[in-house]
Amino acid sequence: MITPDQVYENIGVGYAAARRPDPRIHQLIVDALADANSVLNVGAGAGNYEPTDRRVVAVEPSSAMIAQRDTGAGPAVQGVAEALPFRDGTFDATLATFTLHHWTEIAVGLREMRRVADRQVVLLFEPAESMKFWLVEYFPECMSLPTEIGAPSVDYMREHLAVQTVTPVPVPVDCVDGFAGAYWGRPEAYLEPAVRASISSLALLSPADAERGAQRLRDDLRPGVWDDRFGHLRGLSELDLGYRLVVTG
């Protein structure tokens, strides 16, 4: 089994250049953290969406991701969600964005988040909604990846956390963070290898499957087949693709 640190040691190089925090999503997260003065960012990656106006510590398994953190970012500890190296109640809040589907034991990681802080703020994708995204038609092999099969739903979160609010996070058409759904209205972007390399569900495909999917999309874009089916999306300012901000406490 490929562990989270192995995933990003392999695909994480250059990640920070393509995965910049979108300011609109960032503001939703800052608001959700409320008055928390200390935050532990779990599965922190390169540090996207960490607030800059309070004390932040990051936990991240991949040294390749830690190396890409901004020089002014808070300290980072190499470790995993399932064994956070902190005492009970060390932080006011724990934060996890676009990371739970990579954890080895999600329930254990959520329990650890509860242990070190009373408040949890989690940004995830609702699997049932993600299945409806047009990109899946072109890269169907994504849905067979362990990271997608094991992705937790909001209902799963309710079983393990005292969820207070669940807020839809629509994706702006000009989203600057290159996660999987970022280019829903700019399909040409998914043809770029560098873009696919920053999206774990595409980067983890075999080279043959990734190229096959890109060719399917390329073939539909040239004669206008994609636009006949989905071109109405280009005129929207944002779209709900199933991303959800889950807040407890």
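Located above this text is the structure these notes cover.
Residues numbered from 1 in each chain as written. Predicted model: local features only at pLDDT ≥ 70, side-chain atom pairs only at ≥ 80, totals over all residues. Heavy atoms only, no water.

(A) Region of interest: the overall build of the chain. The number of helices and strands found in the chain is 13 helices and 9 strands. Each of the three principal axes of the chain carries a C-alpha extent, and together these read 60 × 35 × 30 Å. For the chain, with 249 residues in total, the buried portion stands at 55%. Long-range contacts, defined here as pairs at least 24 residues apart, represent 70% of the contacts in the chain between residues at least 6 apart. For the chain, the exposed area adds up to about 11,100 Å²; of that, 53% sits on carbon and sulfur atoms. The distance from the centre of the 22 positive side-chain charges to the centre of the 34 negative ones in the chain is 1 Å. (Helix = DSSP H or I, 4+ residues; strand = E, 2+ residues; numbered from the N terminus. Buried < 20%, exposed > 50% of the residue type's maximum accessible area, 1.4 Å probe, protein only. Contact = heavy atoms within 4.5 Å. Areas by Shrake-Rupley, 256 points an atom, 1.4 Å probe, with all protein chains shown as cover. Lys, Arg positive; Asp, Glu negative; His and termini not counted. Charge placed at Lys NZ, Arg CZ, Asp CG, Glu CD.)

(B) Region of the structure containing helix α5 (residues 106-116). Of all the positions in α5, only Ile106, Val108, Gly109, Leu110, Glu112, Met113 and Val116 are classed as buried. Contacts from the buried residues of α5 go to β1 (38-42), β4 (91-97), β5 (117-125) and α9 (154-160).

(C) Quick look at the nonpolar core. Counting 48 residues, the largest nonpolar core has Trp134 and Tyr190 as the members making the most contacts within it. Secondary-structure elements contributing two or more residues to this core are α3 (23-33), β4, β5, α7 (135-138), α12 (207-221), α13 (225-230) and β9 (243-248). Residues in contact with Trp134, not counting those within four places in the same chain, are Tyr183, Trp184, Pro187, Tyr190, Leu217, Trp226, Phe230 and Leu233. The next biggest cluster of nonpolar side chains, apart from the first, holds 23 residues, and it includes Val59, Ala81, Val154 and Met157. (Core = buried A, V, L, I, M, F, W, Y, C linked by side-chain atoms within 4.5 Å.)

(D) Representation of the packing of aromatic side chains within the structure. The full count for this structure, using the stated rule, is 12 aromatic pairs. Ring centres 5.7 Å apart and planes at 85° place the aromatic pair Trp134 and Tyr190 in the edge-to-face group. Of this pair, Trp134 sits in the loop between α6 (127-130) and α7 while Tyr190 sits in the loop between β7 (171-172) and α10 (193-197), placing them 56 residues apart in sequence. The pair Trp134 / Tyr190 is uniform in exposure class, with both members buried. Between Phe179 and Tyr243 the ring centres are 5.0 Å apart and the planes differ by 65°, which places this aromatic pair in the edge-to-face class. Residue Phe179 is found in the loop between β7 and α10, and its partner Tyr243 is found in strand β9; the two are separated by 64 residues along the sequence. Neither residue differs from the other here; Phe179 and Tyr243 are each classed as buried. Chaining the aromatic ring pairs together yields one cluster made of Phe133, Trp134, Tyr138, Tyr183, Tyr190, Trp226 and Phe230. (Phe/Tyr/Trp six-rings, centres within 6.5 Å; stacked < 30°, edge-to-face > 60°.)

(E) How the structure looks around the environment of Ala73. With respect to the helices, strands and loops of the structure, Ala73 is situated in the loop between α4 (63-66) and β3 (76-78). Each C-alpha atom of the pair Ala73 and Glu60 lies 13 Å from the other, and the pair is 13 residues apart in sequence.

The analysis is restricted to geometry; functional conclusions fall outside its scope.
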